[in-house]
Amino acid sequence: MAKGHQLIETPLFRRVKHPNYYLNIIPEVLSFAIISQGWVVFTPLFVLHLITLFNRIRLEEKIMKQTFRGYK
């Protein structure tokens, strides 16, 4: 967490906790598809990417709940 980090509570961030990640998924899927050039390579790469992404979101949620009392 960055020093001086503040909780943003706009409607977008109240509904979607990690909008940046969701906005990045489509370009990342396209990038993986272009790089791998086939389903055999694309599928495991994308699954590994999703596992990493969801793990990062889970860890960030834990830190946010520890840092900000009103965070849900």
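Everything quoted here is computed from the prediction, not taken from an experiment. Position numbers for residues start from 1 in each chain and track the written sequence from start to end. Local features are withheld for residues below a pLDDT of 70 in this predicted model, meaning they are given only at 70 or higher, and side-chain atom pairs are given and counted only at 80 or more; totals for whole chains, interfaces and linings count all residues. Neither water nor hydrogens contribute to the side-chain values; these are computed over all heavy atoms in the structure.

1. Some details on the side chain of histidine 49
Secondary structure elements are defined from DSSP: runs of H or I of at least 4 residues count as helices, runs of E of at least 2 residues count as strands, and each element is numbered from the N terminus. One can find histidine 49 in helix 3 (residues 39–67). Three exposure classes are used, based on accessible area relative to the maximum for each residue type with a 1.4 Å probe and protein chains only: buried under 20%, partly exposed in between, and exposed over 50%. The class for histidine 49 is buried, based on a relative accessible area of 18%. Contact criterion: two residues are considered in contact whenever any of their non-hydrogen atoms come within 4.5 Å of each other. Aside from chain neighbours lying at most four places away, what touches histidine 49 is Glu28 and Phe32.

2. Structural notes on the confidence of the model for the protein
Considering every residue of the protein, the mean pLDDT works out to 82; 100% of them sit at 70 or more. Summarising per-element confidence for the protein, the mean pLDDT is lowest in helix 1 (residues 11–15) (79) and highest in helix 3 (87). Each residue gets a pLDDT score, which is the predictor's confidence in that residue and runs from 0 to 100.

3. Points about the packing of helix 2 (residues 19–36) against helix 3
Two numbers describe how helix 2 lies on helix 3: the axes approach to 9 Å, and their chain directions differ by 155 degrees. With respect to helix 3, the element helix 2 is oriented roughly antiparallel. By crossing handedness, the relation of helix 2 to helix 3 is classed as right-handed. In this structure, helix 2 contributes Tyr21, Ile25, Glu28, Val29, Phe32, Ala33 and Ser36 to the contact, and helix 3 contributes Val41, Phe42, Leu45, Phe46, His49, Leu53, Arg56, Ile57 and Glu60. Ten residues, namely Ala, Val, Leu, Ile, Met, Phe, Trp, Tyr, Cys and Pro, are considered nonpolar, four, namely Asp, Glu, Lys and Arg, are considered charged, and the remaining ones, Gly among them, are considered polar. Of the residues that constitute the contact of helix 2 with helix 3, the class distribution is 11 nonpolar, 2 polar and 3 charged. To get an axis, fit a line to the C-alpha atoms, keeping to the stretch in contact for a helix; angles then go from 0 to 180 degrees between the N-to-C directions. Angle categories: roughly parallel below 35 degrees, roughly antiparallel above 145, roughly perpendicular from 65 to 115, and oblique for all the rest. Two helices that cross are described as forming a left-handed crossing if the nearer one is turned anticlockwise from the farther one by less than a right angle, and a right-handed crossing if clockwise.

4. Topic: the packing of aromatic side chains
Stacked, tilted and edge-to-face are the three classes applied to pairs of Phe, Tyr and Trp rings, where Trp contributes its six-membered ring and a pair requires centres within 6.5 Å; stacked means planes under 30 degrees apart, edge-to-face means over 60, and tilted covers the rest. Tallied over the entire structure, the rule returns 2 aromatic pairs. With a centroid separation of 5.4 Å and 85 degrees between ring planes, the pair formed by tryptophan 39 and phenylalanine 42 is classed as edge-to-face. With tryptophan 39 and phenylalanine 42 both in helix 3, this residue pair falls 3 residues apart, about one helical turn. Residue tryptophan 39 is classed as exposed on the basis of its relative accessible area, which comes to 66%. The class for phenylalanine 42 is buried, based on a relative accessible area of 10%. Ring centres of phenylalanine 42 and phenylalanine 46 lie 5.6 Å apart, and the angle between their planes is 10 degrees; this geometry places the pair in the stacked category. You can see phenylalanine 42 and its partner phenylalanine 46 sitting in helix 3, 4 residues apart, about one turn around the helix. Of the two residues, phenylalanine 42 and phenylalanine 46, neither departs from the other in class, the shared state being buried. Ring pairing ties together the aromatic residues Trp39, Phe42 and Phe46, which thus form one cluster.

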